[in-house]
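What follows is each chain in one-letter form.
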Amino acid sequence: PLLLPLAAARPGLPLLSRLRLTVGGGGVPTVSLPGSFLASATRSVSEFTGVAGTVEYDAGAPTAAKVSATIDASTVNTREAQRDQHLKSADFFDVEKFPQISFTSTGATKTSAGLEVTGDLTIHGVTKPVTLDVDPISAELKDPWGGTHRGTKAVAKINRKDFGLTWNKALESGGLLVGEDVAI
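What counts, and where the lines are drawn
- Residues numbered from 1 in each chain as written.
- Predicted model: local features only at pLDDT ≥ 70, side-chain atom pairs only at ≥ 80, totals over all residues.
- Heavy atoms only, no water.
- Salt bridge = Lys/Arg side-chain N within 4 Å of Asp/Glu carboxyl O.
- Helix = DSSP H or I, 4+ residues; strand = E, 2+ residues; numbered from the N terminus.
- Buried < 20%, exposed > 50% of the residue type's maximum accessible area, 1.4 Å probe, protein only.
- Core = buried A, V, L, I, M, F, W, Y, C linked by side-chain atoms within 4.5 Å.

K.L.:
Hey, could you go over the pattern of salt bridges for me, with residue numbers and the actual values?
P.N.:
One pass over the structure, following the stated rule, counts two salt bridges. Among the ionic pairs, E47 bridges to R79, the shortest N-O distance being 3.1 Å. A residue pair is termed long-range when its members are at least 10 positions apart, and E47 in strand β4 (residues 44-48) and R79 in the loop between β7 (76-77) and α1 (81-88) qualify at 32 residues. Linking E180 and K161 is a salt bridge whose minimum nitrogen-to-oxygen distance equals 3.2 Å. With a gap of 19 residues between them, E180 in the loop between β13 (157-159) and β14 (181-183) and K161 in the loop between β13 and β14 connect regions that are remote in the sequence. Residue classification places E180 among the partly exposed residues on the basis of a relative accessible area of 34%.

So this is what it looks like as structure tokens:
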């Protein structure tokens, strides 16, 4: 799931807020690659630490929410250096040619579980529409240093092949090394 700690651009903003996406602590946006490495046995969890963006959110008009986020693809971290290098290579993200992953919202719809935020996701130079299922936005909280924060979680599923990420390898025991579906 994409965990979005949202920090107000300055303390004391009204309900209509322009917020910075921040990364830190347990709020590092993560990408889960179900069945990715050793497809039949494990899940691989990756995180990107180079995240920047904004969220415009009005609690009185949640469907007017706007989200824009950019991820530095070279900051992928699976806690396995050899795998990270492979993910950065032309077999996957090709960070030399496509250094950024981006999302720009195009609309929002209120649901019983929160919001559905639709938008354009660009990975590996390919842009496709996706829908993020967004949990309700938290109430504003003040940290000990006077900063105002809100938080939420957004989840979407994509097929990595739709974005040109097609590398795979057959396993001796049968099946493929990398799964196609990705939870973000």
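On we go.
K.L.:
Provide a residue-level description of the nonpolar core, including the pertinent values.
P.N.:
Where a protein is soluble and globular, its nonpolar side chains tend to be buried together. Grouped together as the largest cluster of nonpolar side chains are 33 residues, with contacts concentrated most on F93, I101, V117, L121, I123 and I158. If you list the elements that add at least two residues to this core, you get β5 (51-57), β6 (66-72), β8 (100-111), β9 (114-123) and β10 (126-134). Top element by residues in this core is β9. It accounts for four residues.

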